[in-house]
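Per-entry structural report
For reference, the chains in residue letters:
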Amino acid sequence: MEFRLFGPVEAWSDGRRLDVGHTRQQLVLVALLVDTGTPVSADTLVERVWGDQPPLRATSRLYSYVSRLRSILGAAITRERGGYVIDASSTEVDVHRYEDLLTDAGRAKGEAAVALLDEAARLWRGTPFAGFDAPWLVALRESLERRRRGADLDRAELLLDLGRHHDLLPGMLDRAAADPLDERACAQLMLVLYRLGRQAEALTHYEGMRQRLADELGVDPGAPLRELHLRILRLDPALTGPVGSRPRGGGRVAQLPGDVSAFSGRKSDLRRLDAVRGAVSPTAVAIAVITGSAGIGKTALAVHWAHRIRDDYPDGQLFIDLRGHAQAPPVAPRDALSQFLRALGVAADKIPTELDEASSLFRSMLAGTRTIVVLDNAADADQVRRLLPGDPGTLVLITSRNRLGGLVAREGAYAVGLDVLERDDARVLLEGMLTRPRVEAESAAAEELARLCAYLPLALRIAGASLAGDPDRGIADYVTELRAGNVVSALRIDGDEDTAVRAAFDLSYAALSEQAKRQFALLGLVPGNDFTAAAAAALADTTTDASARALDELAAAHLTRRKTDSRYTFHDLLGAYAADLAARQPDHGAAWLRLCAWYQHNLDAATAFEVPRFRLSAGGGPIRFASAREAKTWLDQEYRNVTAAVVRASETGPEEFAWCAADAIRLHLSRNLHYPQWTTVVEAGRRAAVKAGDRRAEGVMLQSQGSLHGYLGESEACMADQLAALECFEECGFGVGAASALSNIGVTYDDLGQPRKAARSLHQGLALARKHGMTVLVGKTLANLSTAHANLGELAEAVSCASECIAMDGPDAAADIRGAAMISRGGAYRLLGEYDAAFADLHAGSALVSVRYGPRGEFESARCHAATGALDLALRHAEQAVRLSEKLADPREMIISRATLGDVLVLRGQVRDAMAHHEQAVQLAAESKQHGYGADARTSLARAMLHLGDAAAAGDEAESALKVARELELTIVRCRAHSVLAQVNERLGRLAEASAHHRESRSIQRLTGYVPEPG
């Protein structure tokens, strides 16, 4: 995981940017990240997010934000006694990494210190916490900016000490202008100017500083600056400093073009090129082949690296553009040799006309020399073979849009494939072209510009050149123009048509076979960022083998890239280029429908292994998966593409695919905690259903949306969606949907701590499910009824409902439901004191359920072990319940798990530790409005307080719990509260009240069969 707070707030995982939500949710993340590893209390978070004017129910909103962030970040946020803590090391948070690097640089010396400061500077993507103006963040931002200015001055000081003053002037001029009263910056600028032979300018800058200090502050320059001024006046020879390194020039021939200005990044690629020289045998020529797509920066890298190493090749550098991909014809090997031989001093009339003779003479001319030969823009291996020297002292550097695999196989060349720039390197490139202050002033716009350019060097340079030529033009304005039009066509330089992204792509496209051209164009319809040969075949209406061959041709031309053995991808600009071409294909509409049908057939086949349920899709397609594992693998690989396809279909059609696909993939998204994608597909599916006026589909989407809210602990929103879904189903006479909606409404009532309403709704849903022969829904509703009856204290009914579900015949996929029923029955047996039966059910049920029911099996097992005195086992299960519930970010499971762990700790004598868990459970219940489960947690908290001797406080908590339990008909909780209040009143000497509470508790036990737990 990587968190970026310099510039716009971002979170990254496995190279993918995560959507961390809206501004306030981002602010919660920032508030936790700035104190990484330290608990931040809910009060502090509320203050940081809303300042001194928090809204009503701010704590509840805060919990919702934290819950969503947990889902997005993979449960990286935990709750500890002092508050919330985010699990991130200092290396994962750029602000903390920055501070660490500055500290390390302070301990280092010379070049090592410069390298650390450079690494720290690269982390600075823009204004810290861009877009936020909370006072506490403004103060932190100003502190970081002061640190940065100090680091810049420290770096300049080190470079001056090393004699490397030649490259310092532009940055120093910017710093002096930004802070005209900084005497240290002024002194460094004066020294650089002096060393560059510009003594008069150095003295002018001193006079300007002296005048500003006098006018604005009424003071003279400090002693160090005055002393430097005098030394410059005296031409002090000591000021010239050490002599820095100078590149050696010369050689017999120097055809190498000038190095690219503002070259950035490519560190790993440069290391790979450096390794080539050491990898070849002493008798072989070192050959490196740099390959990649159009505009990827192959020539720039080749020229830059050649300049870096040219001191090691003093006999010269040869360079030729072979025009392998150009408007003009490719350069023939004979013509290329003729150019090289003339450059090496061979008279035109002495150059052999035969290709083999010319090649032999070329090798002879380079024998015994140390020369760099750059063969740029090669078309294929045959074009360059005759241009290869034979002497091991030479180095050959080849660039091509094609792989040139033959050179690797036959000549032993080393392949260096290029990808687009890293985000930070793209930013550095823009800063080099536009200046850092200009980029920093519009940091977010610069980030968006880099993204629109797909981090492609050619596109970035074109964009940078367009902006550099118009200093008054805002980066944000340019981005708006690019977004509004065709970005591929817009990235060009007026008057230089060869310097255009589309022109570069056109040359690669023109070289393809007709089949590959059509395949590439239709790939522009792919909604996600990767695809398989099977998906490509669906688009092209051909066989998978035929599409695989076309994709291999595209990959060889670097118009696609293999992502894995079976998946391909291309960067965003190539995707946009392909989309332009797709729009011109006569069958692009039919191709999109074929792709949607392919996705739907695969979804139907992959989800056929799930629990049988009503589906909006008719199913019955031609695709089959051999096993549930194979089906899940497909879903894991394609769910992002399906999400994107659903969104597009909701906008452009076919609408039916949007809601059918959203319905089909729902269970996969929920079980794998892909909540952001679930949110996206269900919203898109519902939009499509509303647009088409399909009330049944709208109801199914509302049901799915309600389930999502339920999993996120947003029970009230869940209830609203489920009731709206029921209304849709009743309106269109869809009894199957109504049965499902009533069952879901019952579960939601139970989540809200209203078991009587839950049981009523569940019984209604059960009757409808039986009427329509919905076997799986009958089982699921019976399992949920078991839980509702147990909460009401109707333990015999709880056992009966669960037993009926367990005894039902059903498909193997319904094992999850039977497992949940076993856990529910195990809980009922525990409440009845039948621990052997409880253990048997809990063990069997936990082996069947998915991760969704994992915490329930664990906390019920913990309670059984606690009741039978096995406290070590109880602790192990309770701690596992807490871990699983935190991962799910389900408030109900988190409340019960925390309370259970607290109960176990009380029995182990660790009462103060237990208090922390009980307090968290109570607070979490209040924040998430889980009043029923909160009442049970308060009873446990009261019992812990009683163990600590605070009978009065225990009484207050137990009274609060009893009041809620009576209102919500929570019979078992009511019994527990009476039991605690009996003990409280005995401690306080109120024996009559104690006796009354004892009677109430024993009466409930007789009526229900409930056997109270120890403690």
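A quick note: this is a predicted structure, and the numbers were derived from the prediction, not measured. Throughout, residues of each chain are indexed from 1 in the direction in which the sequence is written. For this predicted model, a pLDDT threshold of at least 70 governs which residues receive local features, and a threshold of 80 or more governs which side-chain atom pairs are given and counted, while totals over whole chains, interfaces and linings are taken from all residues. Note that the side-chain values use all heavy atoms of the structure and ignore hydrogens as well as water.

Tallying secondary structure elements over the chain gives 48 helices and 16 strands in all. Expressed along its principal axes, the backbone C-alpha trace of the chain runs to roughly 115 × 80 × 50 Å. Note on classification: 1.4 Å probe, protein chains only; a residue is buried when its accessible area is under 20% of the maximum for its type, exposed when over 50%, partly exposed between these limits. Taking all 1015 residues of the chain together, the buried fraction comes to 54%. Residue pairs in contact within the chain that sit at least 24 positions apart in sequence constitute 67% of those at least 6 positions apart. In this tally, Asp and Glu contribute negative charge and Lys and Arg positive charge; neither His nor the terminal groups of the chain are included. A charge is said to be at NZ when it belongs to Lys, at CZ for Arg, at CG for Asp and at CD for Glu. The distance from the centre of the 118 positive side-chain charges to the centre of the 133 negative ones in the chain is 2 Å. The helix count covers DSSP runs of H or I at least four residues long, the strand count covers runs of E at least two residues long, and both are numbered beginning at the N terminus. Residue contacts are counted whenever heavy atoms from the two residues lie within 4.5 Å of one another.

For the rest of this paragraph, the subject is the pairing of strand E9 (residues 372–378). Among the seven residues that make up E9, seven are buried, leaving the element largely enclosed by the rest of the structure. We call two strands paired when DSSP finds no fewer than two bridges between them. Where strand E8 (residues 316–321) lies against E9, five bridges are found, and the strand directions are parallel. Bridging from a neighbouring strand, Ile320 pairs with Leu375 of E9.

Turning to helix H1 (residues 23–33), a few remarks are in order. Burial runs high along H1: nine of the eleven residues are buried. Residues Gln25, Gln26, Leu27, Val28, Leu29, Val30, Ala31, Leu32 and Leu33 constitute the buried set of H1.

Here we take up empty space enclosed by the protein. Of the grid points, spaced at 1 Å and generated over the protein atoms alone, those admitting a 1.4 Å probe that cannot get out make up cavities, while open sets with protein on both sides within 12 Å along at least five of seven lines make up pockets; any residue with an atom within 4 Å of a point is treated as lining. Grid points are joined across faces, edges and corners, and a volume is the space filled by probe spheres set on the points. What the rule picks out here adds up to five cavities of 30 Å³ or more. Lining the largest cavity we find 45 residues, and of these Asn791, Arg830, Phe859, Glu860 and Arg863 sit closest to its centre. Within the residue set of the lining of the largest cavity, elements represented by two or more residues are helix H37 (775–791), helix H39 (815–831), helix H41 (854–867), helix H43 (891–907), helix H45 (931–947) and helix H47 (971–987).

Okay, the packing of helix H11 (residues 267–279) against helix H12 (residues 298–309) next. A fitted line through C-alpha atoms serves as each axis, taken over the contacting stretch for helices, and the angle formed by two N-to-C directions is quoted from 0 to 180°. Running from N to C, H11 and H12 point in directions that differ by 55°, and their axes come no closer than 11 Å. What the angle tells us is that H11 and H12 run oblique. In this structure, H11 crosses over H12, and the sense of that crossing is right-handed. Taken together, the residues of H12 that come into contact with H11 (itself represented by Asp269, Leu270, Leu273, Asp274 and Arg277) are Leu301, His304, Trp305, Arg308 and Ile309. The cut-offs work like this: below 35 degrees is roughly parallel, past 145 is roughly antiparallel, 65 to 115 is roughly perpendicular, and the gaps in between are oblique. In a left-handed crossing the near helix is turned counterclockwise from the far helix by less than a right angle, and in a right-handed crossing that turn is clockwise.

Note that the residue after Gly653, namely Pro654, is joined by a cis bond; omega there is 0°. Tracing the sequence through the fold places Pro654 in the loop between helix H29 (628–652) and helix H30 (655–664). Even without being glycine, Asp541 reaches a positive phi, approximately 55°. Along the chain, Asp541 turns up in the loop between helix H25 (533–540) and helix H26 (544–556). On the basis of relative accessibility, which here comes to 56%, the residue Asp541 falls in the exposed class. Here Glu969, not a glycine, exhibits a phi torsion of approximately 60°, which is positive. Topologically, Glu969 is positioned in the loop between helix H46 (951–968) and H47.

Quick look at the sheet that holds strand E1 (residues 2–4) now. Pairing within the open sheet is antiparallel, and its three strands lie in the order E1-E2-E3. Of all the strands in the sheet, the pair left with one neighbour each is E1 and strand E3 (16–18). When strand polarity is set aside, the average angle formed by the axes of neighbouring strands in this sheet is 30°.

Here Ser281 lies in the loop between H11 and strand E7 (286–291). Separated by 111 residues in the primary sequence, Ser281 and Pro392 have C-alpha atoms spaced 8.6 Å apart.

What follows is about helix H33 (residues 695–711). To estimate the expected span of a helix, subtract one from its residue number and multiply by 1.5 Å. Its 17 residues give H33 an end-to-end C-alpha distance of 24 Å, which sits within 8% of 24 Å, the value for a rise of 1.5 Å per residue. Gly713 sits one or two positions beyond H33 and adopts a positive phi of about 80°.

The next point concerns the nonpolar core. Buried Ala, Val, Leu, Ile, Met, Phe, Trp, Tyr and Cys residues form a nonpolar core when they are joined through side-chain atoms within 4.5 Å. One finds Leu449, Leu491, Phe505, Phe520, Leu523, Leu573 and Trp634 to be the most contacted residues of the largest nonpolar core, which totals 137 residues. By residue number, the principal contributor to this core is helix H28 (residues 588–606), which donates nine residues. Those residues within four positions of Leu491 in sequence are excluded, and the remaining contacts are Cys453, Ala459, Ile462, Ala463, Tyr478, Leu482, Ala500, Val501 and Leu573. Counting 113 residues, the second-largest nonpolar core is a separate cluster that includes Leu27, Tyr65, Ala76 and Leu946.

What makes a salt bridge here is a side-chain nitrogen of Lys or Arg within 4 Å of a carboxyl oxygen of Asp or Glu, nothing more. Evaluated as defined, the whole model comprises 59 salt bridges. In this structure, Glu119 and Arg97 form a salt bridge, with 2.8 Å as the shortest nitrogen-oxygen distance. Of the two residues, Glu119 sits in helix H5 (residues 110–123) while Arg97 sits in helix H4 (residues 94–107), which places them 22 residues apart along the sequence. On the basis of relative accessible area, Glu119 is assigned to the partly exposed category, the value being 30%. Across the salt bridge formed by Arg385 and Asp382, the nearest N and O atoms sit 3.0 Å from each other. In this pair, Arg385 and Asp382 both sit in helix H15 (residues 381–385), three residues apart, roughly one turn of the helix. The exposure class of Arg385 is buried, given its relative accessible area of 18%. Assessed through its relative accessible area of 57%, Asp382 is described here as exposed.

Pairing of aromatic rings covers Phe, Tyr and Trp, the last through its six-membered ring, and needs centres within 6.5 Å; plane angles under 30 degrees mean stacked, over 60 mean edge-to-face, and all others mean tilted. Considering all chains together, one arrives at 18 aromatic pairs under this definition. Between Tyr509 and Tyr577, the aromatic rings sit 6.2 Å apart at their centres with planes inclined by 90°, giving edge-to-face as the arrangement. With Tyr509 in helix H23 (residues 501–510) and Tyr577 in helix H27 (residues 572–583), the pair connects residues that are 68 residues apart, well separated along the chain. Per residue, the accessibility class of Tyr509 equals that of Tyr577, and both read buried. Placement of a positive charge over a ring is assigned whenever Lys NZ or Arg CZ falls within 6 Å of the ring centre and within 35 degrees of the normal to the ring plane. Directly above the aromatic system of Trp136 lies the positively charged group of Arg48, at a separation of 4.7 Å from the ring centroid. Positioned above the aromatic ring of Trp592, the side-chain terminus of Arg648 is 5.0 Å from the ring centre.

Okay, the confidence of the model for the chain next. Note: pLDDT gives the predictor's confidence per residue, expressed from 0 to 100. Mean pLDDT over the chain stands at 87; residues scoring 70 or higher make up 96%. In the model, residues 243–251 has pLDDT below 50 throughout and makes 13 contacts with residues more than four positions away in sequence or in other chains.

With that settled, consider the sheet that holds strand E16 (residues 567–569). Pairing is antiparallel across the open sheet formed by three strands, whose spatial order is E14-E16-E15. The open sheet has two edge strands, strand E14 (530–532) and strand E15 (561–562), and neither has a second partner. Relative to E16, E14 is paired through three bridges, and the arrangement is antiparallel. Bridge pairing links Thr532 to Arg567 in E16.

So, about the side chain of Arg825. Its location among the elements puts Arg825 in helix H39. Note on Arg825: relative accessible area 15%, which makes it buried. Here a polar contact means two N or O atoms within 3.5 Å. Within protein one must be a hydrogen donor candidate and the other an acceptor candidate, and residues neighboring in sequence count only if both atoms are side-chain atoms. A distance of 2.5 Å separates a polar atom in the side chain of Arg825 from a polar atom in the side chain of Asp841.

Let us look at the pairing of strand E10 (residues 395–400). Among the six residues in E10, six count as buried, and that is most of the element. Residues Leu395, Leu397 and Thr399 of E10 are buried on one face, and the alternating residues Val396, Ile398 and Ser400, pointing to the opposite face, are buried as well. In the sheet, E7 pairs with E10 via six bridges, with the strands oriented parallel. Residue pairing in the sheet places Val289 in a bridge with Ile398 of E10.

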